[in-house]
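Spelled out, the chains give:
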Amino acid sequence: MMHISNSLRNHFPLLKKCPETVVYFDNASTTLKPISVINKMNELYTEYPVNVHRGAYRFAEQATRAFEDSRLAVQRFINARSTKEIVFTRGTTDSINLIASSYGRTFLKPGDEILLTQLEHHANIVPWRMLCDRIGSVIKVIPMKRDGELDLSNIKSLITNKTRLVGLVYVSNSLGTINPVAEIIEIAHARGAKVLVDAAQAIAHFPIDVQNLDVDFLCFSGHKMFGPFGIGVLYGKEHLLEGMPPHQGGGGMIQNVNFDEVSYAPLPSKFEAGTPPIASAVGLGEATNFINEIGFKFIQERENLLLSYTLERIKKINGLILYGESKERSAVFAFNLTGVHPHDVTAYLDQKGICIRSGHHCNQPIMTFYQIPAMNRASMSFYNTLEEIDYFIETLKETRKFFS
Ligand code: PMP
């Protein structure tokens, strides 16, 4: 059995500080941040805390180099063709909003269709609803099945010659379902539709190669991949980004400005108006280094072990309803304990040092499907341990007894 060494857990200050009392099972919400990422941001703030792309002095050059090196690290991490395809945003939500307001308002017309899935996070629903209300396009939905997988039986009739864009979550943040993204991209492309993949929950768990997937847009957040808050990425194929107008105007995204006319900077600056979150961007580059050092091979083996170990045990708890049993899945467990309010479950677990979430997890269409207002969710990362799972399972049993 693979054991995780303390030295690996010691990368994370929170786990090091309180090794026994904290069981962090809310990794789908945000992952913990390793010390190397924190130190990298600290280095920027202490040694070259200045703006990028503007100054000709030494510190400004250092900051600019660190910022652009980070973009290069991200490009390599997802195997994009060029750094022009890597736009820094505030996160997944910001990236999707950018596509909706720039690509959507430019290329979609009344009656055009946007195909989403029932598994989408609100971040991949609301920007499209707002766009449709504004321009008269229409949202269609790929339904889900009880096991949490997408029902693709009608996919070919759902993607019509009016479908301009398919918006698809790679890994469900509530149910852990891993969607057959490559297959859907192929079908969508055959009908001339573009595909946006929300990789917020995928990016920290397995490698993604945008060229191999042939995805048109990919969105993710730094804070869900051991990086800082306030930074995210929009990957877009160069020719698509090239054809899109900027969604925001300001400094840094222009070539020439006068009151009658403005010309824009080349990619990716065209989409990065104003001072960017420099330290967070630099921290994100460091987070990709961290993942590369740990290696996806280890991360996947480790998380698959946590997945099967938990599934085997959680299913045996009397009165526990597990939502989502997709064949391809990640270590995310959505459940309710019969007769116990989900908020009471999380509150009880919190007293025992276990951090999980309860609520709708920004997936109200999933809650509607199961006809429940809320569920509990435990989500794991490679640094979690089998001992933590044993403790979690025992505490869940205890919770049920306590409230019955
Ligand atoms: N999509 C998915 C699948 C998510 O899990 C999340 C975060 N919970 C988001 C989008 C939004 O990410 P952010 O809040 O970092 O913008």
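Residues numbered from 1 in each chain as written. Predicted model: local features only at pLDDT ≥ 70, side-chain atom pairs only at ≥ 80, totals over all residues. Heavy atoms only, no water.

### Here we look at the overall build of the protein
For step 1, the next point in the chain: Along the backbone of the protein there are 15 helices and 15 strands.
For step 2, the next point in the chain: By the compact-globule yardstick of 22 Å for 404 residues, the protein fits well, its C-alpha radius of gyration being 22 Å.
For step 3, the next point in the chain: Oriented by its inertia axes, the alpha-carbon framework of the protein measures out at about 70 × 55 × 35 Å.
For step 4, the next point in the chain: Within the protein, the fraction of its 404 residues that count as buried is 56%.
For step 5, the next point in the chain: In the protein, the proportion of contacts linking residues at least 24 apart, taken out of those at least 6 apart, comes to 70%.
For step 6, the next point in the chain: Of the roughly 17,300 Å² of accessible surface on the protein, a fraction of 51% belongs to carbon and sulfur atoms. (Helix = DSSP H or I, 4+ residues; strand = E, 2+ residues; numbered from the N terminus. Rg over C-alpha atoms; globule rule 2.2 N^0.38 Å. Buried < 20%, exposed > 50% of the residue type's maximum accessible area, 1.4 Å probe, protein only. Contact = heavy atoms within 4.5 Å. Areas by Shrake-Rupley, 256 points an atom, 1.4 Å probe, with all protein chains shown as cover.)

### Some points on a nonpolar patch on the surface
For step 1, the next point in the chain: A surface patch of nonpolar side chains, amounting to about 320 Å² of accessible area, comprises Ile 254, Val 257, Val 262 and Tyr 264.
For step 2, the next point in the chain: Going through the elements one at a time, β9 (254-257) and β10 (262-264) are the ones with two or more residues in the nonpolar patch.
For step 3, the next point in the chain: Within the fold, Val 257 resides in strand β9.
For step 4, the next point in the chain: By relative accessible area, Val 257 is classed as exposed at 55%. (Patch = residues over 30% accessible without salt bridge, like charges linked within 9 Å, V, L, I, M, F, W, Y side chains within 5 Å. Salt bridge = Lys/Arg side-chain N within 4 Å of Asp/Glu carboxyl O.)

### What to know about the site of the ligand
For step 1, the next point in the chain: As a matter of local geometry, the ligand sits amid Thr 92, Thr 93, His 121, Ala 123, Val 169, Asn 173, Asp 198, Ala 200, Gln 201, Ser 221, His 223 and Lys 224.
For step 2, the next point in the chain: The side chain of Ser 221 places a nitrogen or oxygen atom 2.7 Å from an oxygen atom of the ligand.
For step 3, the next point in the chain: A distance of 2.8 Å separates an oxygen atom of the ligand from a polar side-chain atom of His 223.
For step 4, the next point in the chain: Taking 400 Å² as the accessible area of the ligand by itself, protein coverage stands at 85%.
For step 5, the next point in the chain: Residue composition of the shell around the ligand, by class: three nonpolar, seven polar and two charged. (Near = heavy atom within 4 Å. Polar contact = N/O pair within 3.5 Å; in protein donor to acceptor, adjacent residues only side chain to side chain. Nonpolar A, V, L, I, M, F, W, Y, C, P; charged D, E, K, R; others polar.)

### What to know about the state of the cysteines
For step 1, the next point in the chain: One pass over the full model with this rule turns up zero disulfides.
For step 2, the next point in the chain: Note on Cys 362: no disulfide assigned, nearest cysteine sulfur contributed by Cys 219 at a separation of 16 Å.
For step 3, the next point in the chain: Since its relative accessible area comes to 29%, Cys 362 is described here as partly exposed. (Disulfide = S-S within 2.5 Å.)

### Thoughts on the domain arrangement of the protein
For step 1, the next point in the chain: According to the domain assignment, the protein contains domain 1 (6-25 + 295-403) and domain 2 (38-292).
For step 2, the next point in the chain: Spacing between the C-alpha centres of domain 1 and domain 2 amounts to 28 Å.
For step 3, the next point in the chain: Taken together, the 34 residues of domain 1 in the interface contact 31 residues of domain 2.
For step 4, the next point in the chain: Both faces combined, the contact of domain 1 with domain 2 buries some 2,700 Å², and carbon together with sulfur accounts for 58% of it.
For step 5, the next point in the chain: The largest share of the area that domain 1 buries against domain 2 comes from Phe 296, Ile 366 and Phe 369, three residues that together contribute 23% of it. (Domains from an automatic or database assignment. Buried area = accessible area lost by both parts, 1.4 Å probe.)

### Some thoughts on the packing of helix α13 (residues 342-351) against helix α15 (residues 386-403)
For step 1, the next point in the chain: At a closest axis distance of 10 Å, the pairing of α13 and α15 adopts a crossing angle of 120°. With respect to α15, the axis of α13 lies oblique. Crossing handedness for the pair α13 and α15: right-handed. Every residue of α15 that contacts α13 at Asp 344, Val 345, Tyr 348 and Leu 349 is listed here: Phe 392, Thr 395, Leu 396, Glu 398, Thr 399, Phe 402 and Phe 403. (Axes fitted to C-alpha atoms, helices over the stretch in contact; angles between N-to-C directions. Parallel < 35°, antiparallel > 145°, perpendicular 65-115°, else oblique. Left-handed = near helix turned anticlockwise from the far one by under 90°.)

### Remarks on the nonpolar core
For step 1, the next point in the chain: Counting 82 residues, the largest nonpolar core has Ile 78, Tyr 170, Leu 175, Ile 208, Leu 218, Phe 220 and Phe 382 as the members making the most contacts within it.
For step 2, the next point in the chain: Here this core takes nine residues from helix α11 (residues 278-294), the largest share from any one element.
For step 3, the next point in the chain: Domain assignment of the residues forming this core places at least three in each of domain 1 (6-25 + 295-403) and domain 2 (38-292).
For step 4, the next point in the chain: Leave out the neighbours within four places in its chain, and Phe 220 touches Val 74, Ile 78, Gly 91, Thr 92, Ala 199, Ala 200, Ile 203, Met 225, Gly 232 and Val 233. (Core = buried A, V, L, I, M, F, W, Y, C linked by side-chain atoms within 4.5 Å.)

### Description of the pattern of salt bridges
For step 1, the next point in the chain: Enumeration according to the criterion identifies 20 salt bridges in this entry.
For step 2, the next point in the chain: Between Arg 81 and Glu 85 there is a salt bridge, with the nearest N and O atoms lying 4.0 Å from each other.
For step 3, the next point in the chain: With relative accessibility at 2%, the residue Glu 85 sits in the buried group.
For step 4, the next point in the chain: Here Lys 297 makes a salt bridge to Glu 301, at a shortest N to O gap of 3.0 Å. Here the residue Lys 297 and the residue Glu 301 both occupy positions in helix α12 (residues 296-314), the gap between them amounting to four residues, near one helical turn.
For step 5, the next point in the chain: With relative accessibility at 63%, the residue Lys 297 sits in the exposed group.
For step 6, the next point in the chain: With relative accessibility at 37%, the residue Glu 301 sits in the partly exposed group.
For step 7, the next point in the chain: Through salt bridges with shared partners, one network takes in Glu 68, Arg 71 and Glu 272.

### What to know about the sheet that holds strand β3 (residues 113-117)
Sheet strands pair via backbone hydrogen bonds, and the direction of the pair is either parallel or antiparallel.
For step 1, the next point in the chain: With respect to topology, seven strands assemble into an open sheet ordered β2-β8-β7-β6-β5-β3-β4, the strand pairing being mixed. Each edge of the open sheet carries a strand with a single partner, namely β2 (86-89) and β4 (138-142). Taking each pair of neighbouring strands and ignoring which way they run, the sheet shows an average axis angle of 20°.
For step 2, the next point in the chain: As judged from the three bridges shared by β3 and strand β5 (residues 163-169), these two strands associate in the parallel manner. Along β5, the bridge assignment pairs Glu 113 with Thr 163. (Pairing = 2+ DSSP bridges.)

### Observations regarding the sheet that holds strand β15 (residues 375-379)
For step 1, the next point in the chain: Read from one edge of the open sheet, four strands run β11-β12-β15-β14, paired in antiparallel fashion. Of all the strands in the sheet, just β11 (320-323) and β14 (357-359) have a single pairing partner and so form its edges. For this sheet, the mean inter-axis angle between neighbouring strands, taken without regard to orientation, is 30°.
For step 2, the next point in the chain: As defined by bridge partners, β14 adjoins β15 across three bridges and the pair is classed as antiparallel. Bridged to Ser 358 within β15 is Asn 376.
For step 3, the next point in the chain: Across the sheet, α13 is in contact with β12 (332-337), β14 and β15; its angle to β14 comes to roughly 165°.

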